[in-house]
Amino acid sequence: HIQDPASQRLTWNKPPKSVLVIKKIRDASLLQPFKELCVYLTEENNMIVYVEKKVLEDPAIANDENFGPVKKKFCTFREDYDDISNQIDFIICLGGDGTLLYASSLFQGSVPPVMAFHLGSLGFLTPFNFENFQSQVTQVIEGNAALVLRSRLKVKVVKEHREKTTVQNGIEENGVVSANLEKEVGKQIMQYQVLNEVVVDRGPSSYLSNVDVFLDGHLITTVQGDGVIVSTPTGSTAYAAAAGASMIHPNVPAIMITPICPHSLSFRPIVVPAGVELKIMLSPDARNTAWVSFDGRKRQEICHGDSISITTSCYPLPSICFRDPVSDWFESLAECLHWNVRKKQNNFAVEEEE
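Now for a description of the structure that goes with this document. As the structure is a computational prediction, the values presented were derived from the model and not from experiment. (Residues numbered from 1 in each chain as written. Predicted model: local features only at pLDDT ≥ 70, side-chain atom pairs only at ≥ 80, totals over all residues. Heavy atoms only, no water.)

Here's the deal with helix α6 (residues 133-142)
Stated precisely, the cut-off is as follows: Each residue is placed in one exposure class: buried if its accessible area under a 1.4 Å probe, protein chains only, is under 20% of its type's maximum, exposed if it is over 50%, and partly exposed if it falls in between. Numbered from the N terminus, helices here are DSSP runs of H or I no shorter than four residues, and strands are runs of E no shorter than two. Within this analysis, the arc is defined by the directions that extend from the helix axis to the C-beta atoms. Contact criterion: two residues are considered in contact whenever any of their non-hydrogen atoms come within 4.5 Å of each other.
Every buried residue of α6 is accounted for by Phe133, Gln136, Val137, Val140 and Ile141. Buried residues in α6, looked at end-on, bunch into an arc of 140°, giving them a common side. The inward-facing, buried residues of α6 contact α1 (31-44), β4 (90-95), β5 (114-118) and β20 (317-320). Looking one or two places after α6, you find Gly143, whose phi comes out positive at around 85°.

Topic: unusual backbone geometry
Not every positive phi belongs to a glycine, and Asn46 is a case in point at roughly 55°. Along the chain, the position of Asn46 falls in the loop between α1 and β2 (48-52). Under the relative-accessibility criterion, Asn46 is labelled exposed at 62%. We note that Asp216 has phi near 50°; this positive angle belongs to a residue other than glycine. Mapped onto the fold, Asp216 is located in the loop between β11 (209-215) and β12 (218-225). The exposure class assigned to Asp216 is partly exposed, which follows from its relative accessible area of 45%.

Some remarks on the pairing of strand β7 (residues 153-159)
Threshold: Any two strands with at least two DSSP bridges between them are considered paired.
Within β7, five of the seven residues are buried, leaving the element largely enclosed by the surrounding structure. In the sheet, β7 pairs with strand β9 (residues 187-194) via seven bridges, with the strands oriented antiparallel. Among the inter-strand pairings, Lys154 is bridged to a residue of β9, identified as Gln193. Where β7 lies against strand β19 (residues 307-312), six bridges are found, and the strand directions are antiparallel. Directly across from Val157, in β19, lies its bridge partner Ile308.

Set out below in structure tokens:
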């Protein structure tokens, strides 16, 4: 029996007490919704609200005397310094799709359910409108909501030459928690959890990239072009779609491999089963290095001898649906990407019989 994606529901073992509110930085239009939401959570629901410290440093919030009593109740944290992974019951995002990607990056293990409000530019991953936020948040707190489990990629980067980094409070200079950093002789190993995609590109070089792609240890192809995208189904509607890939529903267990401007007429995007291990390395005869980024962040150079291993993570991101996984996805395709939007063909006029 194959489970119907619409049957995935949010249930709480005990009532949620703590919520992480993520607000898009440097966006004045979100200040009022942010204040209204925080007042509602703290005063109406007696929730413990976690907010990133840099959000409260905004002058419009720091200088608001009326908001002061609410602000004093907040628990604050700093990205890459404070570990809040075991203290959050669910997450509320205010902004665009980038806020959901940022929420994913904060949790390198299991992720609490995420409720995303559409207050950004695209909003493909943010199904909720803010007008009726009180009733919608109450439904989530009561456990009356559908879920879609968005698979993530577990990525391991192995670099041959160890770079000098200083450790402060358990955090490396490159922002990776030291618990996820292993040191071997002449090697540096970093791990990431990725929601959208891993992008390997040619960087500033004018030469084509030349990277080998292995699947479960077997060389499947060499990418000669601008690069390659390895994405989740959630990421299939992002960079991969712009590069010509098919769009895949987030409930489909799969990994997508999409070339970026390949110098070949026959290199088509492919879909492989979730759970396989992909490995990407510079080809031995590559003329230049490559660069890799993870959901658009942590960009770094890949040299000869380095490797990028990618597989499906066992820690998906539970995204709370507005209606259900199928309706939300097709509405996003139509509204955000204008999928199959076309002026309809006129029908034949029925001639009246004489």
